[in-house]
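# Descriptive analysis of the structure
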Amino acid sequence: MPSVYDLLRDHTSAHLSLRYSMQNQTFLVDEPLNSKPIQAAHLSFARSVMAAGPNAFKIKYILKTDKRIRLHQLDVAFQLPIQDHAMMAEGFQCWSHTHEADARTTLAPISRPVAWITKFDLQGDYNFFKYPDREGVIQAVGYTYLRDTRVSDAFVFLGSLAEHNGYTYWVVDYPANKLTLQKDILGKTVADELVMEWLVVRGPTEREIWQRYASFYLAPSALTIKDYAKQVPDMTGWTSWYQWYEAVTEKDVLACLDGFVAHGYPIDLFQIDDGFEKAIGDWLLVDEVKFPRGMGYVAGRIKEAGMTPGLWLAPFAVGLDSALNKEHPDWLLLENGEPVLAGPNWGGFRSLDIYHPEVQAYLQQVFDTVIDDWGYSFLKLDFLFCAAMVPRNGKSRGEILWDAVSLVHDWTRGRARVLASGVTLPSVWGRLDYARVSSDAAPWWDHTVLRLANVRERVATYNALVSTLNRWPMNNAVIASDPDVFFIRSVSCKLTPAERHTLVTVNHLLGKLTLMSDNVALYTPQEHALYASTFPKPVVNVQSMRRIAPHVYQLIYTSRHRHYVTYTNVSPLPYRFHLPLDLGNAQETTAVYFELANVLDNANATSLYAWHHAHARIPLHLRPHTTRTFLLLDDKNDIFAGSTAHLLPGNEIAALDIDRKMATVHIKLATPMARHSKDRTLFLRADALPKDPTILVQDQEAQMDALPADRAGFAVLKVTFNTP
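Keep in mind that what you see is a predicted model, and the values were worked out from it rather than measured.

Cut-offs used in this document
Residues numbered from 1 in each chain as written. Predicted model: local features only at pLDDT ≥ 70, side-chain atom pairs only at ≥ 80, totals over all residues. Heavy atoms only, no water. Core = buried A, V, L, I, M, F, W, Y, C linked by side-chain atoms within 4.5 Å. Buried < 20%, exposed > 50% of the residue type's maximum accessible area, 1.4 Å probe, protein only. Contact = heavy atoms within 4.5 Å. Pairing = 2+ DSSP bridges. Helix = DSSP H or I, 4+ residues; strand = E, 2+ residues; numbered from the N terminus. Axes fitted to C-alpha atoms, helices over the stretch in contact; angles between N-to-C directions. Salt bridge = Lys/Arg side-chain N within 4 Å of Asp/Glu carboxyl O. Polar contact = N/O pair within 3.5 Å; in protein donor to acceptor, adjacent residues only side chain to side chain. Phe/Tyr/Trp six-rings, centres within 6.5 Å; stacked < 30°, edge-to-face > 60°.

### Digging into the nonpolar core
Considering soluble globular proteins, one finds that nonpolar side chains tend to be buried as a cluster. The biggest cluster of nonpolar side chains holds 242 residues, and the ones touching the most others in it are Leu8, Phe260, Tyr531 and Trp611. Once residues within four sequence positions are removed from consideration, tryptophan 611 is found in contact with Val592, Tyr593, Phe594, Leu633, Ala641, Phe683, Leu707, Arg711, Ala712, Phe714 and Val716. Core analysis: the next-biggest nonpolar cluster, separate from the first, contains 16 residues, Ala549, Tyr567, Phe577 and Leu622 among them.

Now the structure itself:
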């Protein structure tokens, strides 16, 4: 039987359904799409297939017309043997739940009563994409893959290369063995030619596939940032939102800033979120009661502390109580002559018409003032989806959002780093610096009512984690990922210690940007210990992410040339597993792993760490909502045997050298390190050391103690030091 890849390449069963109108007359094309162009009234539709390197090809569709036509629907369907395949269900926008699905999955629309009461439907695609609400019929936006579950790591990836002219939906219908490409083309006017391309790549790993997809997706863009790994920095930081929300004040911000300085946490970014402005849309009218000395003063204080000042804006949103709404009703986005309600936040808000010249001039003034006059060089731009609520001006929704992102690029002109949120992700790939890859996290695990009501954009830590885990290959390929904040605090937080540790770990492994909102002055000693262990921020190279059970994930990666494996269980059920025998340079009989446990759960220092001999095949347990990370000790000549100083043990070490002649070990620490009041511990293999060695950490002699012989299964020296 021909494979999915071969059938897509050959277009053997492809079928076109195209509906368009011209001069008040509607036409429908419903024909097989083979190598011969389809001819219809004043229209032709042709396809071509081009090789795109090994195990890859591009499909190009070209629609030509000699009249001005208005498009309503464009679908291309394929009959494919997909029963034994899983697929990636990418959500409509970055907040939308994204996960791997299969024939047992149902994607239901948002509950009508909940939509009517909350208006949360406006944040997604519920009002223009018809959710099938049937088992085994799943959609994805922009890209998807089909993974053969009978073969380990066998992916066929499908990715749009034409999101600039409309959103691309991939709809998998398992009962019918059908895949349909649906272009959200409603409202698009064509007078000559419309070109749509997509890429198919076959490969064993998501990482490899995404790197290849990125090279095609980014190539045509004049705005391309070609190397996210090198050109967009990893950043740590703080944001005011989850501490004070809209009630934030200058006093609050500066007190929290002073707390970071006093405790010696070397973060890069200090970002003020919603609440500084008098009303949504009135970005230059600062609330003088809450910020009496102005936003420029606060930015200056942040710079003095050695951090980058960041500011939140929702540039296309207009609050109902804003001066902008009252004074410039002609600037608002209209549908049938009435202002469009763009979302429920702030009691409801409108959207600006991005094509209005005065709107563009106003927003250019906003960006110039915020960046040049106030001094903010990092901008979080939120609710970007609201620019494209309705198709208009002969453009589809996706085309309008693409234009909105182009305007943001023009307004900022490289003067500030930009984080995009509330946006359909393909519209920002390669065009802006950072993008949210999850819903908002929350100081709670999930929202049961909204989950049962099928709100895919709901604010919840579970929701954020699942999307972050499933969107991992995007990071450093097409965008720098922001997985939203993590919580360490126990104050005003319903997350368990295990859930907080899971969020901290996943965000640091898969996020290019790692932010939090806690007031560190309120931390317990264990909370300080966990936060301090995240510095310096780990730079991780993920090799693979396997879904080893429903909502249980295995991440294999390297960092600072060491091999790690992390297991994350976001399900409500426990899971048992064995550590791999073939990771890195490990041999089946010698694979030894070091584990640093969750300090929030382990006040007793002796129970905080352990060694595991994988060849013993002792099953390990993963409790619900828990994450466990293991460092492979894969070389007996490497004297390092673990540590308690970093979330990823070993990441705190920049260099470790042995002077055997002088019987001295020199350890240099990586930077930046957080100051921490407690002693830190690392472990060295005693049998690989000179006799009676001297251990110098940052040129200071460290304390040494031998561990009991049975503690690790081999001789270990415990080295204790403190960060200056």
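That was the structure; now back to the text.
### Let's talk about the pairing of strand 2 (residues 25-32)
Pairing of strand 1 (residues 15-22) with strand 2 involves eight bridges; the strand directions are antiparallel. In the sheet register, tyrosine 20 faces strand 2, and the bridge partner there is phenylalanine 27. Count of turn residues in the strand 1/strand 2 antiparallel hairpin: two residues, of which glutamine 23 carries a positive phi of about 50°.

### Comments concerning the sheet that holds strand 11 (residues 155-160)
Taken in spatial order, the eight strands line up as 3-4-5-15-11-10-7-8 in an open sheet, and their pairing is antiparallel. Each having just a single partner strand, strand 3 (38-40) and strand 8 (99-101) make up the two edges of the open sheet. Taken over all neighbouring pairs, the strand axes of this sheet differ in orientation by 20° on average, direction set aside. Looking at chain direction, strand 11 and strand 15 (residues 193-203) are connected through six bridges and run antiparallel. Pairing of valine 156 across the sheet is with arginine 202, part of strand 15. Helix-sheet contacts for helix 3 (residues 206-218) involve strand 5 (56-65), strand 10 (143-148), strand 11 and strand 15, and the interaxial angle to strand 11 is about 25°.

### With respect to helix 12 (residues 461-470)
Counting buried positions along helix 12 yields ten of ten residues, so the element is predominantly enclosed. Along helix 12, the residues that are buried comprise Thr461, Tyr462, Asn463, Ala464, Leu465, Val466, Ser467, Thr468, Leu469 and Asn470. Structurally, helix 12 contributes buried residues whose contacts are with strand 7 (85-89), strand 8, helix 13 (497-510), strand 28 (541-549), strand 29 (552-559) and strand 30 (562-569).

### What about the pattern of salt bridges?
This model, assessed by the stated rule, comprises 36 salt bridges. The residue arginine 9 makes a salt bridge to aspartate 6 at a minimum N-O spacing of 3.2 Å. In this pair, arginine 9 and aspartate 6 are both assigned in helix 1 (residues 4-10), three residues apart and thus about one turn of the helix distant. Overall, aspartate 6 belongs to the partly exposed group, its relative accessible area being 22%. Here aspartate 433 makes a salt bridge to arginine 417, at a shortest N to O gap of 3.1 Å.

### What to know about the sheet that holds strand 35 (residues 627-633)
In sheet architecture, strand pairing relies on hydrogen bonds along the backbone and comes in two forms, parallel and antiparallel. The six strands are arranged 28-29-30-35-32-33 in an open sheet whose pairing can be described as antiparallel. Because the sheet does not close on itself, it has two edges, and the strands there are strand 28 and strand 33 (609-613). Neighbour-to-neighbour, the strand axes of the sheet open up by a mean angle of 25°, direction not taken into account. With seven bridges connecting them, strand 28 and strand 29 associate as antiparallel partners. Note on strand 29: the bridge partner recorded for arginine 547 is tyrosine 553. Contacts from helix 12 reach strand 28, strand 29 and strand 30 within the one sheet, and its direction differs from that of strand 29 by about 55°.

### Quick word on unusual backbone geometry
Following phenylalanine 535, the chain continues into proline 536 via a peptide bond in cis, with omega recorded as -10°. Position of proline 536 among the secondary structure elements: in the loop between helix 14 (525-532) and strand 28. Of note, the bond from threonine 671 into proline 672 is cis; its omega dihedral lies within 30 degrees of zero at -5°. When you line up the elements, proline 672 lands in the loop between strand 38 (664-669) and strand 39 (680-685). Phi is positive for arginine 560, close to 50°, though the residue is something other than glycine. Here arginine 560 falls in the partly exposed class, since its relative accessible area comes to 38%. Its identity is not glycine, yet histidine 625 carries a phi of approximately 65°, on the positive side. Turning to its location among the elements, histidine 625 is positioned in the loop between strand 34 (620-622) and strand 35. Under the relative-accessibility criterion, histidine 625 is labelled buried at 15%.

### A short note on the side chain of serine 322
With respect to the secondary-structure elements, serine 322 resides in the loop between strand 19 (317-319) and helix 8 (323-327). From its side chain, serine 322 meets the backbone oxygen of glycine 319 in a polar contact 2.7 Å long.

### Some details on the packing of aromatic side chains
What the rule picks out here adds up to 61 aromatic pairs. Ring plane angle 70° and centroid distance 5.2 Å describe the contact between tryptophan 346 and phenylalanine 349, whose orientation is recorded as edge-to-face. With a relative accessible area of 0%, phenylalanine 349 lands in the buried category. Geometrically, the ring pair formed by phenylalanine 378 and tyrosine 434 is tilted, given 5.9 Å between the ring centres and 45° between the ring planes.

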